[in-house]
Amino acid sequence: MYKSVILIISFPLLLFCNNPEKIHIRTTQLVVGDGFPDTTITNETQTFKNAVEEHGQLRISGNKILDKNGDVVQLRGMSLFWSQWMGKYYTKETVKWLKDDWNCNIIRAAMAVDYNGYLSNPDAEKAKIETVIDAATAEGIYVIVDWHDHEGQNHLEEAKTFFSEIASKYGNISNIIYETYNEPLNVSWTDVLKPYHEAVIAEIRKHDPDNIIICGTRNWSQNVDDVISNKVNDPNIAYTLHYYAATHKQELRDIALQALNNDIPLFVTEYGTTEASGDGTIDEVESNLWWDFLDKYNISWCNWSVADKDELSAALKPSASPLGGWTETQITTSGIMIRNELKVKNKKY
């Protein structure tokens, strides 16, 4: 009587990908003898505790942001409100909640300069920013340090001092991003803005040669096309694009696309679902068109804003806790839209 023999051979195959920390292990079983060959595939991927552990040092290549492994990265998160008016949310608890519950992988600290901000109270305002930097570092998310100003060229020496101090203290960590000028008015890119940025960047680079710097552009950071053929001479520079969905529509997307097609890397450090006033109406259709555009071109963004101000662009309703823990009844219509987008699009660590 014929008696079959079954021999099972197992061996690992390494399937290499661009990211050496995400090597997939495939185990194949070949069954020899009676029956048909059987293949069992299992995938094991390395897990990460947070976004910074996964992506590490960021850099610019062409019009994209790449991580430590050369993979394209799109960051999504929230911007805090003017620090002098909403300083109560500049807390480690708020940062932690935005990471844990909203899936933010970046936060923007908008340090007020005028209007009783840094120019009047430099130590107090800088301390708020450092609290947010420290909290973001502890939570493993990226943080934008924003010089929240509309007339930065008039405050050049103060900006140089501030960024020199921040870079000397935090320039050795990989999660910090510098935004040297929030929203310039309608002044020349060539004659005013570019020289301003270059002077501030020189101070940062004395202490931090690697981290990304974002430069504000003309006309409330909308005329990113000004930068075409006139970029700042630094390999790790992105340029600020701001929009408010109910005001800025296809015309601004066309300007942004023109810049992208000329290898200008863009970063939306501030945007709203509302009109440019921060109020008026919420435009859900245009908000979705903008999100589609940003996703298509891997443009990172921060939504304006973490605030309980009585306006439509604020993410929180009045008296929402500065310690996080917000229920949906404490989040505004815009805030719910943004939170849903973050939870669908961003990885949960």
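Note that the coordinates shown come from a computational prediction; the quantities given were computed from them, not determined experimentally.

## Comments concerning the overall build of the chain
Here comes step 1: Regarding its fold elements, the chain presents nine helices and 12 strands.
Here comes step 2: When each of the 349 residues of the chain is scored for burial, the buried share is 53%.
Here comes step 3: Relative to all contacts within the chain whose residues are 6 or more apart in sequence, the contacts with residues 24 or more apart total 72%.
Here comes step 4: Roughly 15100 Å² of accessible area belongs to the chain as shown, and the carbon and sulfur atoms make up 51% of that amount.

## A closer look at the sheet that holds strand β6 (residues 106–112)
Here comes step 1: Here eight strands make up a closed barrel; going around it, the order is β5-β6-β7-β8-β9-β10-β11-β12 and the pairing parallel. Put simply, the sheet's adjacent strands are angled 25 degrees from each other on average, direction ignored.
Here comes step 2: By the bridge criterion, four bridges tie strand β7 (residues 142–148) to strand β8 (residues 176–179) in an arrangement that is parallel. Directly across from Asp146, in β8, lies its bridge partner Glu179.
Here comes step 3: On top of the sheet, helix α5 (residues 189–205) reaches β7, β8, β9 (213–215) and β10 (237–244); it is set at about 165 degrees to β9, its chief contact.

## Considerations on the confidence of the model for the chain
Here comes step 1: Looking at the chain as a whole, the pLDDT averages 90, with 87% of positions reaching at least 70.
Here comes step 2: Long-range and interchain partners of residues 1–43, a stretch whose pLDDT sits below 50, account for 63 contacts in this model, where long-range means more than four residues apart.

## Structural notes on helix α9 (residues 333–345)
Here comes step 1: In this model, α9 (13 residues) spans 19 Å end to end at C-alpha, consistent with the 18 Å of a helix rising 1.5 Å per residue.
Here comes step 2: Those residues of α9 lying buried are Ser334, Gly335, Met337, Ile338, Arg339, Glu341 and Leu342.
Here comes step 3: Those residues of α9 that are buried lie in contact with β5 (76–80), β11 (266–272), α8 (284–296) and β12 (300–306).

## Here we look at the layout of surface pockets
Here comes step 1: One number sums up the size of the largest pocket: a volume of about 320 Å³.
Here comes step 2: For the largest pocket, the lining is made up of 20 residues, of which Glu183, Tyr244, Glu270, Ala276 and Ser277 are closest to its centre.
Here comes step 3: Tallying contributions element by element places β10 first for the lining of the largest pocket, with three residues.
Here comes step 4: Here the second largest pocket defines a volume of roughly 230 Å³.
Here comes step 5: Per-element accounting of the lining of the second largest pocket gives the leading share, three residues, to helix α1 (residues 51–55).
Here comes step 6: In the lining of the second largest pocket, the residues fall into five nonpolar, four polar and seven charged.

## Concerning the pattern of salt bridges
Here comes step 1: Enumeration over the complete set of coordinates arrives at 25 salt bridges.
Here comes step 2: A salt bridge links Arg108 to Glu270; its shortest N-O distance comes to 3.2 Å. Taken together, the residues Arg108 in strand β6 and Glu270 in strand β11 connect sequence positions 162 residues apart.
Here comes step 3: On the accessibility criterion, Glu270 (5% relative accessible area) is buried.
Here comes step 4: Salt-bridge contacts for Lys345 lead to Glu341; the nearest nitrogen and oxygen are separated by 2.5 Å.

## What about the environment of Phe267?
Here comes step 1: Mapping Phe267 onto the fold places it in strand β11.
Here comes step 2: On a C-alpha basis, the gap between Phe267 and Ile299 in space is 5.9 Å, while along the polypeptide they are 32 residues apart.
Here comes step 3: Contacts of Phe267, omitting those with residues within four sequence positions, involve Ile65, Ile106, Ile144, Ile177, Ile214, Ala238, Tyr239, Thr240, Leu241, Ile299, Ser300 and Trp301.

## Details of the pairing of β12
Here comes step 1: Among the seven residues that make up β12, seven are buried, leaving the element largely enclosed by the rest of the structure.
Here comes step 2: Relative to β12, β11 runs parallel, the two sharing three bridges. Looking at β12, one finds that Phe267 is bridged to Ser300.
Here comes step 3: The parallel pair β11 and β12 is bridged by α8, and the resulting crossover is right-handed.

## As for the packing of aromatic side chains
Here comes step 1: With the rule as written, the count across this model stands at 19 aromatic pairs.
Here comes step 2: Between Tyr89 and Trp326, the ring centres sit 6.5 Å apart and the planes meet at 75 degrees, which makes this aromatic pair edge-to-face. With Tyr89 in the loop between β5 and α2 (92–100) and Trp326 in the loop between β12 and α9, the pair connects residues that are 237 residues apart, well separated along the chain.
Here comes step 3: Their ring planes at 70 degrees and their centres at 5.5 Å tell us that Tyr118 and Phe162 sit as a pair that is edge-to-face. Taken together, the residues span a long stretch of sequence, with Tyr118 in the loop between β6 and α3 (122–139) and Phe162 in helix α4 (residues 156–170) at a distance of 44 residues. You'll find Tyr118 and Phe162 in the same group, each marked buried.

Conventions adopted
Residues numbered from 1 in each chain as written. Predicted model: local features only at pLDDT ≥ 70, side-chain atom pairs only at ≥ 80, totals over all residues. Heavy atoms only, no water. Helix = DSSP H or I, 4+ residues; strand = E, 2+ residues; numbered from the N terminus. Buried < 20%, exposed > 50% of the residue type's maximum accessible area, 1.4 Å probe, protein only. Contact = heavy atoms within 4.5 Å. Areas by Shrake-Rupley, 256 points an atom, 1.4 Å probe, with all protein chains shown as cover. Pairing = 2+ DSSP bridges. Axes fitted to C-alpha atoms, helices over the stretch in contact; angles between N-to-C directions. pLDDT = per-residue confidence, 0-100. Expected span 1.5 Å × (residues − 1). 1 Å grid on protein atoms, 1.4 Å probe; cavity = no way out; pocket = protein on both sides within 12 Å on 5 of 7 lines; lining within 4 Å. Points joined across faces, edges and corners; volume = space filled by probe spheres on them. Nonpolar A, V, L, I, M, F, W, Y, C, P; charged D, E, K, R; others polar. Salt bridge = Lys/Arg side-chain N within 4 Å of Asp/Glu carboxyl O. Right-handed = clockwise from strand over helix to strand, strands pointing away. Phe/Tyr/Trp six-rings, centres within 6.5 Å; stacked < 30°, edge-to-face > 60°.

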